[in-house]
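# Secondary and tertiary structure notes
Here's the letter readout for the chains.
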Amino acid sequence: MKPTFLKCLQAIDKGHIYRNISIIDIHSRYLIINKPSGIQCNGTKNHSNYLLPQLYKQLKTHFSANNPNYKLNPDQYKIVHRLDKYVSGGLIIARGKNADAFRKSFSKQNSNLSVKRKYIGLIPIPSDLSFKQYLHGLSNLRIGYETEAEYLNIPEKTIKNEEKGLIFKDDLLAEGIINFNITALPKDDRKNKNNGDLMNYNALTKFKILHSFFHEPTTEQISKFPKLYKNKTIYPIIIELETGRKNQIRDHILQAFKIPLLNDEKFNDFKMVQRSSNSNINSEVYASNQIGLHSAYISILKTSFSNEYIIPIPEVDKLLWKGFLNGNSFIDAIDHELRNF
């Protein structure tokens, strides 16, 4: 099946760039959306920085082209997973009665539908060290289990606190897991919404560091954003969630590698405040609050169909990803790693 592409140009009005979502595919059971950073998943207010109002408007335009009397039913489109506001990339919107099936697939409760989501993150490492040299200096690094099946199938209740950490499959220090617990405020407890003490969640993240595909910042990048790029080398990392906790990737990267994702230095401050009106919650050194994290790969497998999507970087977000792209798409080597991790 060839995806349906709806290209949404960015409007510029008095110097303001509108961050528009784009619809990558319209399938009978779901939509695939590419969300720029700065667009909020929650909420249906008619504002330009909310995802759903943008989506409804684009769908009305699309379907009305063949049916001038078409009336959109918003209840037929459900967001089944979310991205942080300043994270970009692919999202699945379920159509009709398919939302429950997608949600169950994320927690491995639905054997008839398999969904994989992979992310690309950018990690800034001091330029006087390679990533492997940097890793050897971490106290929480462990060479773990012989096979992926072994370290992914250990019952959570048998894992002691001293076994939590950054665990590599072998001494190549490329692939592994992060299984630190995640601490969150009560406001982030989606189920209980209690007002008690901090919440503590088990969490598991798979990753692969792409050691060979690092990027040395250009003179232009260092000149424009010295605090972000000076004396840094940027390494891409592929990330796949085994659990879906709020802010899990950002939290696990910081816990495991003792350094945040690119342009996410304020994550701890953001995470542990009840509410903030600070528009620069992620960045005071870059052009926007965009984080070096992109939902880059989605595959959806059912008995009746199988579809795979590599999500390009939105035009407004390209600058942070300079060095890893060919146009808006990832370079072929990273594309290959995404598909085969």
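Here the residue numbers are simple positions, counted from 1 along each chain's written sequence. With pLDDT at 70 or above as the cut-off, local features in this predicted model cover only qualifying residues; side-chain atom pairs require 80 or more to be listed or tallied, and sums for whole chains, interfaces and linings still use all residues. Excluding hydrogens and water, the side-chain values take into account all heavy atoms of the structure.

By the naming in an unreviewed UniProt entry, the protein is 21S rRNA pseudouridine(2819) synthase, taken from Debaryomyces fabryi. UniProt positions are given in the numbering used here, feature names are shortened, and annotations may be inferred rather than shown by experiment. Under the heading Catalytic activity (unreviewed entry), UniProt records this for the protein: "uridine(2819) in 21S rRNA = pseudouridine(2819) in 21S rRNA". In its Function (unreviewed entry) section, the UniProt record describing the protein reads: "Pseudouridylate synthase responsible for the pseudouridine-2819 formation in mitochondrial 21S rRNA. May modulate the efficiency or the fidelity of the mitochondrial translation machinery."

### With respect to the environment of Arg 245
In this description a helix means any DSSP run of H or I spanning at least four residues, a strand means any run of E spanning at least two, and both kinds are numbered starting from the N terminus. Its location among the elements puts Arg 245 in the loop between β14 (232-241) and α7 (248-257). For the pair Arg 245 and Ile 182, spaced 63 residues apart in the sequence, the C-alpha separation amounts to 8.0 Å. Contacts are residue-level and defined by heavy atoms, with any inter-residue pair within 4.5 Å sufficient. Dropping the residues within four chain positions of it, Arg 245 is found in contact with Ile 182, Tyr 201, Asn 202 and Ala 203. Here a polar contact is taken to be a pair of N or O atoms separated by no more than 3.5 Å, where protein atoms must pair a possible hydrogen donor with a possible acceptor and residues adjacent in sequence count only if both atoms sit in side chains. For Arg 245, the side chain forms a polar contact with the main-chain oxygen of Asn 202, separated by 2.8 Å.

### Focus on the pairing of strand β13 (residues 205-209)
Note on exposure labels: buried denotes an accessible area under 20% of the residue type's maximum, exposed denotes more than 50%, and partly exposed covers the range between, all computed with a 1.4 Å probe on protein chains only. Summarising burial for β13: five of the five residues are buried, a large majority. Of the two faces of β13, both are covered, the one formed by Thr 205, Phe 207 and Ile 209 as well as the one formed by Lys 206 and Lys 208. Bridge analysis of strand β10 (residues 175-178) against β13 gives four bridges, and the strand direction is antiparallel. Each residue of the ladder has a partner; that of Glu 175, found in β13, is Lys 208. DSSP bridges decide pairing: two strands pair if at least two such bridges lie between them. As paired strands, β13 and β14 are joined by five bridges and run antiparallel to one another. Looking across to β14, one finds that Thr 205 is bridged to Leu 241.

### Focus on α7
Of all 10 residues in α7, eight are buried; the element is thus mostly enclosed. Buried within α7 are the following residues: Gln 248, Ile 249, Arg 250, Asp 251, His 252, Ile 253, Ala 256 and Phe 257.

### A few points about the pattern of salt bridges
Here a salt bridge means any side-chain nitrogen of Lys or Arg lying within 4 Å of a carboxyl oxygen belonging to Asp or Glu. Per the counting criterion, the structure on display carries 13 salt bridges. In this structure, the salt-bridge partner of Arg 250 is Asp 84, at a minimum N-O distance of 3.0 Å. Taken together, the residues span a long stretch of sequence, with Arg 250 in helix α7 and Asp 84 in the loop between β5 (77-79) and β6 (88-95) at a distance of 166 residues. Residue classification places Arg 250 among the buried residues on the basis of a relative accessible area of 4%. Linking Lys 206 and Glu 240 is a salt bridge whose minimum nitrogen-to-oxygen distance equals 3.9 Å. Of this pair, Lys 206 sits in strand β13 while Glu 240 sits in strand β14; the two residues are 34 residues apart in sequence, bridging distant segments of the chain. Residues participating in the shared-partner salt-bridge network are Asp 84, Arg 250 and Asp 264.

### Some thoughts on the confidence of the model for the protein
Residue-level confidence of the predictor is summarised by pLDDT, bounded by 0 at the bottom and 100 at the top. Per-residue pLDDT for the protein averages 85, and the proportion of residues at 70 or more is 83%. The low-confidence segment residues 1-16 (pLDDT under 50) makes 34 contacts with residues lying over four places distant or belonging to another chain.

### Things to note about the nonpolar core
The biggest cluster of nonpolar side chains holds 48 residues, and the ones touching the most others in it are Leu 51, Leu 55, Ile 123, Phe 131, Leu 135, Leu 166 and Phe 257. The biggest single contributor to this core is helix α1 (residues 51-64), with five residues. Leu 135 has contacts with Leu 141, Leu 166, Phe 168, Leu 173, Ile 209, His 211 and Phe 257, leaving out every residue within four places of it along the chain. Think of a nonpolar core as a cluster: buried Ala, Val, Leu, Ile, Met, Phe, Trp, Tyr and Cys residues, connected wherever their side-chain atoms sit within 4.5 Å. Counting residues in hydrophobic clusters, the runner-up holds 21 residues, among them Leu 122, Phe 225, Ile 238 and Ile 313.

### A closer look at the environment of Ile 21
Structurally, Ile 21 is set in the loop between β2 (16-17) and β3 (22-26). For the pair Ile 21 and Leu 55, spaced 34 residues apart in the sequence, the C-alpha separation amounts to 7.4 Å.

### Structural notes on the side chain of Arg 117
Looking at the secondary structure, you find Arg 117 in strand β7 (residues 113-126). Note that His is not counted, nor are the chain ends; the positive residues are Lys and Arg, and the negative ones are Asp and Glu. At 8.2 Å, Glu 240 is the nearest oppositely charged side chain to Arg 117, a buried residue that forms no salt bridge. Of the polar contacts made by the side chain of Arg 117, one reaches the side chain of His 81; its length is 3.1 Å. Contacts of Arg 117, omitting those with residues within four sequence positions, involve His 81, Phe 106, Ile 239, Glu 240, Leu 241, Tyr 297 and Ile 298.

### Let's talk about the packing of aromatic side chains
Two rings from Phe, Tyr or Trp (for Trp, the six-membered ring) form a pair when their centres are within 6.5 Å of each other. A pair whose planes differ by under 30 degrees is stacked, one over 60 is edge-to-face, and the rest are tilted. Applying the stated rule across the entire model yields 12 aromatic pairs. Between Phe 131 and Tyr 235, the ring centres sit 5.1 Å apart and the planes meet at 70 degrees, which makes this aromatic pair edge-to-face. With Phe 131 in helix α3 (residues 131-136) and Tyr 235 in strand β14, the pair connects residues that are 104 residues apart, well separated along the chain. Classification of Phe 131 as buried rests on a relative accessible area of 0%. Among the residues examined, Tyr 235 registers a relative accessible area of 5% and is labelled buried. Consider the rings of Phe 207 and Phe 257, whose centres lie 5.7 Å apart with planes at 85 degrees: the pair is edge-to-face.

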